[in-house]
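# Coordinates in review
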Amino acid sequence: MPDAMVAARVSEAASGTTQQVDVAVVGAGFAGLYLLHRLRKAGFTTAVLEEADDVGGTWYWNRYPGARCDIQTIDYSYTFDPELESAWKWSEKYATQPEILRYLGFVADRYDLRPDIRFRTRITAATWDQAVERWLLTTNSGATVSCRYYIMATGCLSSPKPPEIDGVKDFKGEIYFTSRWPREEVKLAGKRVAVIGTGSSGIQAIPLIAEQAAHLTVFQRTPSFAIPAQNGPPPADRVALLKSDRASYRAQARDSLAGVPWPLSTVVSWQLSDAERRERFETAWAAGDLIYILTQLWADQGVDFEGNAVLADLVREKIREIVKNPETAAALTPHDHPFGAKRPCLDTNYYATYNRPNVTLVNLRQEPIKSITASGIKTDKRTADLDVIVFATGFDAMTGAIRAVHPITGRGGKSLSDVWTHGPQTYLGLTVAGFPNLFMITGPGSPSVLSNMAVSIEQHVDWVVDRLIAMREAGFTTIEATETAQAGWAQHMADCSTLTLHRLANTWYTGANVPGKAQGVMPYPGGVGPYRSICNEVVSHNMLGFRLTGPNGAEQCNDGQIVRLQPDVRLVLNMLADMKLPPLECFGAQGARDFLAAFNAARPAGRPVGDVVDGTLTVTGGSLPYRLYRPATPGPHPIVVYFHGGGWVLGDQVSDEPFCRDMCRRSGMIFVSVGYRHAPEHRFPTAAEDGYAATRWIAEHAADLGGKPGPVMVAGWSAGANVAAVTCQLARDRGGPQISGQLLVCPVTDCTFDRPSYNDNATGYFLTRSLMFWFWDLYCSPADRTDPRVSPLRGKLQGLPPAFVTTCEFDPLRDEGVAYAEAMSAAGVPVEQLKARGHFHTSMTMVDVVITGVSGRVQMADALRRFAGLPPAWREGDVGFRPSQVVAPHEIASAAE
Ligand code: NA7
């Protein structure tokens, strides 16, 4: 925009009285422009306030050499108007900053947005006035704005971080920040240049600076993982896909995890051979796409240490291949964080740049910077004489632009800065309790920087504007998140963080890059699609977690927590709901067994163990099959006799295979899974008597099975846990075998169905009340149901072996499991309980699917080891990335529990 026009606009605003608008928006970047367009179309008077003298936001400021987007540009575009999409053609797979800035200018012109944007205007304070229910904004130009709604479209990475190095002011040469690069050409030819910082900005700038400078010295504190962009024209296959069905391409992006339409990967690393993994990796390396490598190689790379380590090693190998000097290669190779936990970078010739004779890498881990002097940079070991220093040192991310830029004062004089002292508190990353009518676009607590920002921005803008329209229609004038909803969101964020590896790196995602900043994963790690569905659910549940008010005392508040399930449990249950399966009991017993077998065939099979042996054992009236899982460690091992779930009707010795394998690996014990007989062919008490007889046989044959002679342990899930509990009572009463501990996972313990969990979780959580009724009817006649051999809660509980009882919050069987644990405890039995919050009946056995079940299984395995008198197991991977502050995942997970 010509300067004269800017000046005219600024003075016009300055000269008037307070400008009254429906909505004020801060920032004229991707988010601010789309907001303005939508708000105007919806008939809201709107003012956009922008500090720069033109549109662009991030892309206005970050004009350093090499600045490009690192999501493919066809995906990093507005999608709200198909005509806009046809009117603009990107020239490159990853467009440069000037091209993206031109695009945003094109958008501003196309929708004639500039007249409502006040450029060169910085907000100096924002204060909520409860009496008039409006925000009052003061600005650096003196002009004030009064608005009903205040929307921060300030971007996630717009508040540069100070350099935090002594002596910057003393330096006599030129200083540049990548985040505030001048518009005028910066001449580097023939100069001695330093770059401090090797994040995305540094990695993009370094190769181009090296081409110009006489000498470039790179000061690196932490190496980042980078993969080659393989830039060029937009890839023909992706463009063709987009063109073939634009609407569905965009819809897929909106429902995906990262905001780019790649399918969900289901194969896990350990299901692939070395050669297959390498082939997938080479394809990804050649594809040059961060989202591809982060989501398409194998499903466990973002959530599991071992799956991640395989990928990280392959990237490390590439670095060693490219960089000729082994010492430099070693310094450039990250070892302190999992791949993707810190923002991975997309590069063009980055690693190869270190082969140039005019480039030196200084490893600040070995020689920290002591100070910047008049003539250069001094480390512990050297002095670099310099003409230019470039700071690529990053941003006070996510909260910086909202918290630090100007005071925001909400209801009751509360300052946002104070409210966020210990980290950002938000509901959905969109709103903050105590700050009515304030919205943040891509704020902390939303997918934002862990996604394609273009997709996340459009989703937020649409959600906010649609809410404002709905409020106007309903006659409400204020909207504010409730404390309950906000606390619930914090819990959900913590649950999501437990799931991914982001918490295990010190990064700007967690606030660790800014000294003194509160730490915790700030962006929402649960994925774009799930997040969108949650926002939509808030609306369909009558604005759950929001208080809306209007003139004449109108008020609506449906208070509550939007997500109470663990994030992966929610995904699984949604997938099951989408499958629209008929109730299992409709199939009949054999049909249900067939269905279960087919269902199980599609799940991850379970990780390798030392040995798997099938056999048969003898009981009165016949023989029973068993499957034995032996750890890979040297034996003899303690033995756990395991009883599968399935309501005494379904399943067999292999139906809980992934769980048995996992527990065998984690506990270091032999698991013998018993194929006890089923109803309706064999009704009560067959399962109970088989369980007892099998345990006796296994204890007597412990040595033959390669196990440790002596006491055995029993374990089971669901009806299998019922069999295990009954077995302990029978063993006590019938003179053995000796049982040293019982692990009961979601046990059936009683024949009454009136406990709250039976009603609260009657439907919607896979195991339904009617399915349980069906199981009971097939197994046991009403007259027999109070027999302790099927209702162990009604039996004598003194003298039972120590127990570990796991119950899940969303399980009809929850309360009877808790009742059994409490009753045993009251009878003097040592009992530990795990009440798994946000889990459902099958959570613990869905190994490699419900990842948040890991911490529970760790605790269960440790309990088994305690029963056997063994110390907790050391687990490979728990300490894999544990350089300093990093905490092992099971520790975090159990803390979260
Ligand atoms: P980043 O990714 O935060 O990178 C900043 C880099 O600067 C990083 O290597 C830091 O090392 C380093 N740094 C920061 N402060 C210092 C000091 N005081 N001394 C030495 N080194 C320092 O910011 P970028 O601008 O590169 O990228 C931000 C995002 O913008 C990017 O991910 C894209 O989304 C776009 P550290 O890792 O903290 O040890």
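Predicted, not measured: the structure shown is a model, and the values here were computed from it. (Residues numbered from 1 in each chain as written. Predicted model: local features only at pLDDT ≥ 70, side-chain atom pairs only at ≥ 80, totals over all residues. Heavy atoms only, no water.)

## Some details on the overall build of the protein
Stated formally: Only runs of H or I of at least four residues qualify as helices and only runs of E of at least two qualify as strands under DSSP, and these elements are numbered from the N terminus. Each radius of gyration is computed over the set of C-alpha atoms, and the globule rule expresses the reference value as 2.2 Å times the number of residues to the power 0.38. Only heavy atoms matter for contacts: two residues are in contact if any of them lie within 4.5 Å across the pair. Areas reported as accessible are Shrake-Rupley estimates using a 1.4 Å probe. Residue values count occlusion only from the protein chains shown.
Secondary structure summary: the protein contains 28 helices and 29 strands in total. The C-alpha atoms of the protein give 31 Å as radius of gyration, which agrees with the globular expectation for 897 residues (29 Å, within 12%). Once the C-alpha set of the protein is aligned to its principal axes, its extents read approximately 95 × 75 × 50 Å. Long-range contacts, defined as pairs at least 24 residues apart, comprise 74% of the intrachain contacts of the protein with a sequence gap of at least 6. A total of about 33400 Å² of accessible surface is found on the protein, and carbon and sulfur atoms cover 53% of it.

## Thoughts on the packing of aromatic side chains
Note on aromatic pairs: each is described by the distance of the centres and the angle between the planes. Heads up, the condition is: Two aromatic rings from Phe, Tyr or Trp, using only the six-membered ring of Trp, form a pair when their centres are within 6.5 Å; if the ring planes differ by under 30 degrees the pair is stacked, by over 60 it is edge-to-face, and anything between is tilted. Lysine NZ or arginine CZ positioned within 6 Å of the ring centre and within 35 degrees of the ring normal marks a charge as sitting over the ring.
Scanning the entire structure with this criterion turns up 45 aromatic pairs. Taking 6.1 Å as the distance between ring centres and 40° as the angle between the ring planes, the aromatic pair formed by Tyr626 and Trp697 counts as tilted. Highlighted residues: Tyr626 in strand β23 (residues 622-630) and Trp697 in helix α22 (residues 686-700), separated in sequence by 71 residues. Plain terms: the ring middles of Tyr642 and Phe659 are 5.8 Å apart, the flat faces sit at 55° to each other, and that makes the pair tilted. With Tyr642 in strand β24 (residues 639-643) and Phe659 in helix α21 (residues 657-667), this residue pair connects regions lying 17 residues apart in the sequence. These aromatic residues form a ring-pair network of at least three members: Phe30, Tyr34, Trp59, Tyr76, Tyr78, Phe80, Trp88, Trp90, Tyr103, Phe106 and Tyr111. Positioned above the aromatic ring of Trp262, the side-chain terminus of Arg238 is 3.7 Å from the ring centre. Positioned above the aromatic ring of Tyr692, the side-chain terminus of Arg734 is 5.0 Å from the ring centre.

## Some points on the site of the ligand
Rules: In this text, near means that some heavy atom of the residue lies within 4 Å of the molecule or strand in question. Two N or O atoms form a polar contact when they lie within 3.5 Å of each other; inside protein one atom must be a possible hydrogen donor and the other a possible acceptor, and for residues adjacent in sequence the pair counts only when both atoms belong to side chains. Each residue gets one label: Ala, Val, Leu, Ile, Met, Phe, Trp, Tyr, Cys and Pro are nonpolar, Asp, Glu, Lys and Arg are charged, and the others, such as Gly, are polar.
In the vicinity of the ligand lie 22 residues, with Lys161, Ser201, Arg221, Thr222 and Lys342 positioned nearest. In this structure, Ser201 approaches the ligand through a side-chain N or O atom, which is 2.5 Å from an oxygen atom. Residue Ala392 places a main-chain N or O atom 3.2 Å away from an oxygen atom belonging to the ligand. Contact with the protein chains removes 88% of the 780 Å² of surface that the ligand exposes when unbound. Of the residues that constitute the shell around the ligand, the class distribution is eight nonpolar, eight polar and six charged.

## Thoughts on the nonpolar core
Note the following rule: We define a nonpolar core as any set of buried Ala, Val, Leu, Ile, Met, Phe, Trp, Tyr and Cys residues linked to one another through side-chain atoms lying within 4.5 Å. Buried residues are those whose accessible area, probed at 1.4 Å on protein chains only, stays under 20% of the maximum for their type, while exposed residues exceed 50% and partly exposed ones sit between those limits.
If you look at the biggest cluster of nonpolar residues, it comprises 133 residues, and the most contacted ones within it are Leu428, Trp463, Trp489 and Phe546. Examining the composition of this core, we find that 10 residues originate from one element, helix α16 (residues 453-474), more than from any other. Within the second largest apolar cluster, 69 residues are counted, among which are Val672, Ala688, Ala694 and Met824.

## Looking at the sheet that holds strand β15 (residues 383-385)
Here is the rule: Being paired, for any two strands, means DSSP has found at least two bridges between them. To obtain an axis, a line is fitted to C-alpha atoms, over the contacting stretch when the element is a helix, and the angle between two such axes runs from 0 to 180 degrees between their N-to-C directions.
Taken together, the three strands give an open sheet; going across it, the order is β13-β14-β15, and neighbouring strands pair in antiparallel fashion. Only two strands of the sheet have a single partner each, and these edge strands are β13 (369-372) and β15. Adjacent strand axes in the sheet meet at a mean angle of 15°, parallel and antiparallel pairs treated alike. In terms of strand pairing, β13 meets strand β14 (residues 376-379) through three bridges, oriented antiparallel. Paired with Ser371 across the bridge in β14 is Lys378.

## Side note on the sheet that holds strand β9 (residues 215-220)
Read from one edge to the other, the open sheet built from five strands follows the order β7-β16-β8-β9-β12, with strand pairing classed as parallel. If you trace the sheet from one side to the other, it starts and ends with β7 (174-177) and β12 (359-363), each paired once. Recorded for the sheet is a direction-independent mean angle of 20° between the axes of neighbouring strands. Lying on the sheet, helix α6 (residues 200-212) is in contact with β8 (192-196), β9, β12 and β16 (388-391); it crosses β9 at an angle near 155°.

## Considerations on the pattern of salt bridges
Test applied: Definition used for salt bridges: Asp or Glu carboxyl oxygen within 4 Å of a side-chain nitrogen of Lys or Arg.
Counting across every chain of the model gives 47 salt bridges. Across the pair Asp274 and Arg277 runs a salt bridge whose closest N-O atoms are separated by 2.5 Å. A residue pair is termed a helical-turn pair when its members lie 3 or 4 positions apart in one helix, as Asp274 and Arg277 do in helix α9 (residues 274-287) at three residues. Where Asp304 meets Arg607, a salt bridge forms, and the shortest distance between an N and an O atom there is 3.6 Å. Taken together, the residues Asp304 in the loop between α10 (290-295) and α11 (305-322) and Arg607 in the loop between α20 (588-601) and β22 (611-619) connect sequence positions 303 residues apart. Residue classification places Asp304 among the buried positions, given a relative accessible area of 19%. The exposure class assigned to Arg607 is buried, which follows from its relative accessible area of 12%. Look at the salt bridges and you will find they share partners, linking Asp614, Arg627, Glu657 and Arg661 into a network.

## Quick look at unusual backbone geometry
The amide bond that connects Gly635 to the next residue, Pro636, takes the cis arrangement and shows omega of 0°. For Pro636, the position within the fold is in the loop between β23 and β24. Put simply, Phe684 and Pro685 share a cis peptide bond, and its omega is 5°. Of note in this structure, Gln230 is not a glycine but carries a positive phi near 50°. Mapping Gln230 onto the fold places it in the loop between β10 (226-228) and α7 (236-244). The phi angle at Ser718 is positive, at roughly 65°, despite the residue not being glycine. Of note, Ser718 is situated in the loop between β26 (712-717) and α23 (719-733). Residue class for Ser718 comes out buried when judged on its relative accessible area of 5%.

## Here's the deal with the side chain of Arg277
Using a relative accessible area of 13% as the deciding quantity, one classes Arg277 as buried. A distance of 2.5 Å separates the side chain of Arg277 from the side chain of Asp274, its partner in a polar contact.

## Observations regarding the pairing of β23
Examined bridge by bridge, β22 and β23 share nine bridges and lie antiparallel to one another. Bridge pairing in β23 places Asp614 opposite Arg627. Where β22 folds back onto β23 in an antiparallel hairpin, the turn is made up of two residues, including Gly621, whose phi is positive at roughly 90°. In this structure, β23 lies alongside strand β25 (residues 670-674), joined through four bridges in antiparallel fashion. Counterpart to Arg627 in the pairing with β25 is Ser673.

## Remarks on α21
The buried fraction of α21 is high, at 10 of 11 residues. Regarding α21, the residues found buried are Glu657, Pro658, Phe659, Cys660, Arg661, Asp662, Met663, Cys664, Arg666 and Ser667. For α21, the secondary structure elements touched by its buried residues are β22, β23, β24, β25, β27 (739-745) and α27 (854-867).

## What to know about the environment of Ile469
As for its position among the elements, Ile469 is in helix α16. Among the residues examined, Ile469 registers a relative accessible area of 19% and is labelled buried. Sequence separation of Ile469 and Ala42 is 427 residues, and the distance between their C-alpha atoms is 7.2 Å. Beyond its immediate chain neighbours, meaning those up to four positions away, Ile469 contacts Arg38, Ala42 and Phe44.

## A few points about the packing of α16 against helix α18 (residues 528-540)
When two helices pack together, their arrangement is given by the angle between the helix axes and the distance between those axes. The criterion, for reference: For classification purposes, angles smaller than 35 degrees are called roughly parallel, those larger than 145 roughly antiparallel, those between 65 and 115 roughly perpendicular, and all remaining angles oblique.
Between α16 and α18, the shortest axis-to-axis distance is 11 Å and the interhelical angle comes to 5°. As far as their axial angle goes, α18 and α16 are roughly parallel. Contacts between α16 and α18 pair Val455, Ser456, Gln459, His460, Trp463 and Arg467 from the former with Val528, Tyr531, Arg532, Cys535, Asn536, Val538 and Val539 from the latter. Classifying every residue of the contact of α16 with α18 gives seven nonpolar, four polar and two charged.

## Here's the deal with the confidence of the model for the protein
Under the convention used in this document: By definition, pLDDT measures how confident the predictor is in each residue, and it falls between 0 and 100.
Mean pLDDT for the protein: 94, with 96% of residues reaching 70 or above. Taken together, the stretch residues 1-15 has pLDDT below 50 and engages in 23 contacts with residues farther than four places along the chain or on a different chain. pLDDT under 50 marks residues 876-897. Its contacts with residues more than four places away, or in other chains, come to 43 contacts.

## Some thoughts on the environment of Phe395
With respect to the helices, strands and loops of the structure, Phe395 is situated in the loop between β16 and α14 (400-404). Looking at Phe395, the relative accessible area reads 10%, which means it is buried. Spatially, the C-alpha atoms of Phe395 and Asn62 are 12 Å apart, while their sequence positions differ by 333 residues. Among all residues touching Phe395, those that are not within four sequence positions of it are Asn62, Leu157, Ser158, Ser159, Pro160, Lys161, Ser179, Asn513 and Val514.

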